[in-house]
Amino acid sequence: MRTQVAIIGAGPSGLLLGQLLHKAGIDAVIVERQSGDYVLGRIRAGVLEQVCIDLLDEAGIGQRMHQEGLVHGGFDMLFKGERHRIDMNRLTGGKNVMVYGQTEVTRDLMDARQAAGLTTIYEAGKVSVHGFDTNKPRVRYEKDGQTHEIECDFIAGCDGFHGVCRASVPDGAVSEYEKIYPFGWLGVLSETPPVHHELIYVNSTRGFALCSQRSATRSRYYLQVPLTDKVEAWSDDAFWNELRLRLDAGGRDKLVTGPSIEKSIAPLRSFVAEPMRFGRMFLAGDAAHIVPPTGAKGLNLAATDVKYLSGAFIEFYAEKSEAGIDTYSERCLKRIWRAERFSWWFTSLMHHFPENGPIGQKLQDAELDYIVHSETGARSVAENYVGLPLDFGT
Ligand code: APR
Ligand code: PHB
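Residues numbered from 1 in each chain as written. Chains lettered and ligands numbered in written order. Predicted model: local features only at pLDDT ≥ 70, side-chain atom pairs only at ≥ 80, totals over all residues. Heavy atoms only, no water.

## So, the packing of helix α9 (residues 298–319) against helix α10 (residues 323–350)
Running from N to C, α9 and α10 cross one another at 170 degrees; their axes reach a closest spacing of 9 Å. Taken together, the axes of α9 and α10 are roughly antiparallel relative to one another. For the pair α9 and α10, the contacting residues are N300, L301, T304, D305, Y308, L309, A312, E315 and F316 in the first and A323, G324, I325, Y328, R331, C332, R335, I336 and A339 in the second. Its residues assigned to classes, the contact of α9 with α10 shows eleven nonpolar, three polar and four charged. (Axes fitted to C-alpha atoms, helices over the stretch in contact; angles between N-to-C directions. Helix = DSSP H or I, 4+ residues; strand = E, 2+ residues; numbered from the N terminus. Parallel < 35°, antiparallel > 145°, perpendicular 65-115°, else oblique. Contact = heavy atoms within 4.5 Å. Nonpolar A, V, L, I, M, F, W, Y, C, P; charged D, E, K, R; others polar.)

This is the structure:
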């Protein structure tokens, strides 16, 4: 088989890239090691920045998002038992975010791909990438007991943190920066109305909590838990009881509980791989970087990588110019490090770090006080939360 761009991974990055290339008349094949249902079963954050919303519109898949997504102009920060609203909309001169689950974005992209009759090879085994240091890269995989090969001009490594693309780069060609946090997030999805119409980020001496939502009738909640906790040991009752203890009196009164539809524990990690280009292979999304979920930057960062990468390929084919390809990595990494910094900082501010002792809590309280009572402090959080412009300082 021959294609222009072979995309590895049918998560949001791979699917969005496929859609943008299709719109531009560039041929792409996606190779995914899991089934479509498996990909849709993964529950991740659900806050879209305007840059990401615009991109989904550009890809022609924004219709359901605009119908069902919830526009939020602010969020609450709860600490020392009191809530303070960050009025993002006012602080950023009118910017908002959209609460719309990543699962739904993925579903919309999958539906569009299927409707357009584009090729996605699901359940591909032993995927491997070859010759990306030449002009004739190839992708090999097994399917139904047979080995197949795709010849292409470029390989897009959209295969997530555990993918094959970054792992295939020669030792020494990539620098990796990583921090693993000493706790995880226990998440519960439930068919219950959200405790509040906006999100609540909670700093409590019992640990961080987050009250999020998917719709007027579906809630998503998280608790900071030790990495050693097992999800099976957390009954629904234990989850709701612990959440109540981390909320304020108003939240406790309003909290509606119910059976969990999904429950899982996710570790928290900051990770960046540099560079993101290796000859004719490019990394995008989680394949190149991970942020802790505080602030929900993961999908938004993936979307901007894909915006730059699709633009670079379009420029290459339309204008025979390699300018976009040559600047891809540097352009992405600038934005990525900004978002890495914010996600790390917001995580450090909101979580409980017993190893930092009582002074750690006092310093966090002082910083939180400063942020909610200073226009400058609040604006700094707000402008990072709504997302940085696509090209800043370039
Ligand atoms: N061959 C083919 N496909 C692979 C391989 C492989 N060797 N390894 C991994 N994959 C697939 C995975 O099964 C997955 O479906 O690549 C896909 C990668 O998808 P994601 O992990 O969702 O990564 P990405 O598309 O970059 O999405 C970024 O996901 O984790 C969140 O916060 C993150 O929201 C962000 C988004
Ligand atoms: C979510 O709704 O899953 C969510 C929202 C905000 C975050 C993280 C996750 O910061």
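Once you've had a look at it, read on.
## What about the packing of aromatic side chains?
Taken as a whole and judged by the stated rule, the model has 24 aromatic pairs. Taking the centre distance of 5.5 Å and the plane angle of 80 degrees together, the rings of Y221 and W240 count as edge-to-face. One end of the pair, Y221, is in strand β16 (residues 218–226); the other, W240, is in helix α7 (residues 236–246), and 19 residues separate them in sequence. Take Y221 and W240: they sit in the same class, and that class is buried. Each ring, one from W345 and one from F346, has its centre 6.1 Å from the other, and the planes form 15 degrees; the classification is stacked. On the basis of relative accessibility, which here comes to 0%, the residue F346 falls in the buried class. (Phe/Tyr/Trp six-rings, centres within 6.5 Å; stacked < 30°, edge-to-face > 60°. Buried < 20%, exposed > 50% of the residue type's maximum accessible area, 1.4 Å probe, protein only.)

## Comments concerning the sheet that holds strand β2 (residues 28–31)
Strands sit in the order β8-β2-β1-β12-β19-β18 across an open sheet of six strands; the sheet is mixed. If you trace the sheet from one side to the other, it starts and ends with β8 (120–121) and β18 (277–278), each paired once. Here strand β1 (residues 5–8) runs beside β2; their pairing, made up of four bridges, is parallel. Looking at β2, one finds that I7 is bridged to I30. (Pairing = 2+ DSSP bridges.)

## Some words on the pattern of salt bridges
Taken as a whole and assessed by the stated rule, the structure comprises 25 salt bridges. Here K80 makes a salt bridge to D369, at a shortest N to O gap of 3.2 Å. With K80 in the loop between β5 (75–79) and β6 (82–86) and D369 in helix α11 (residues 357–373), the pair connects residues that are 289 residues apart, well separated along the chain. Using a relative accessible area of 54% as the deciding quantity, one classes K80 as exposed. Of the residues examined, D369 reaches a relative accessible area of 25% and is grouped as partly exposed. Among the ionic pairs, R206 bridges to E242, the shortest N-O distance being 2.9 Å. With R206 in the loop between β14 (200–203) and β15 (209–215) and E242 in helix α7, this pair connects stretches of sequence that are 36 residues apart. (Salt bridge = Lys/Arg side-chain N within 4 Å of Asp/Glu carboxyl O.)

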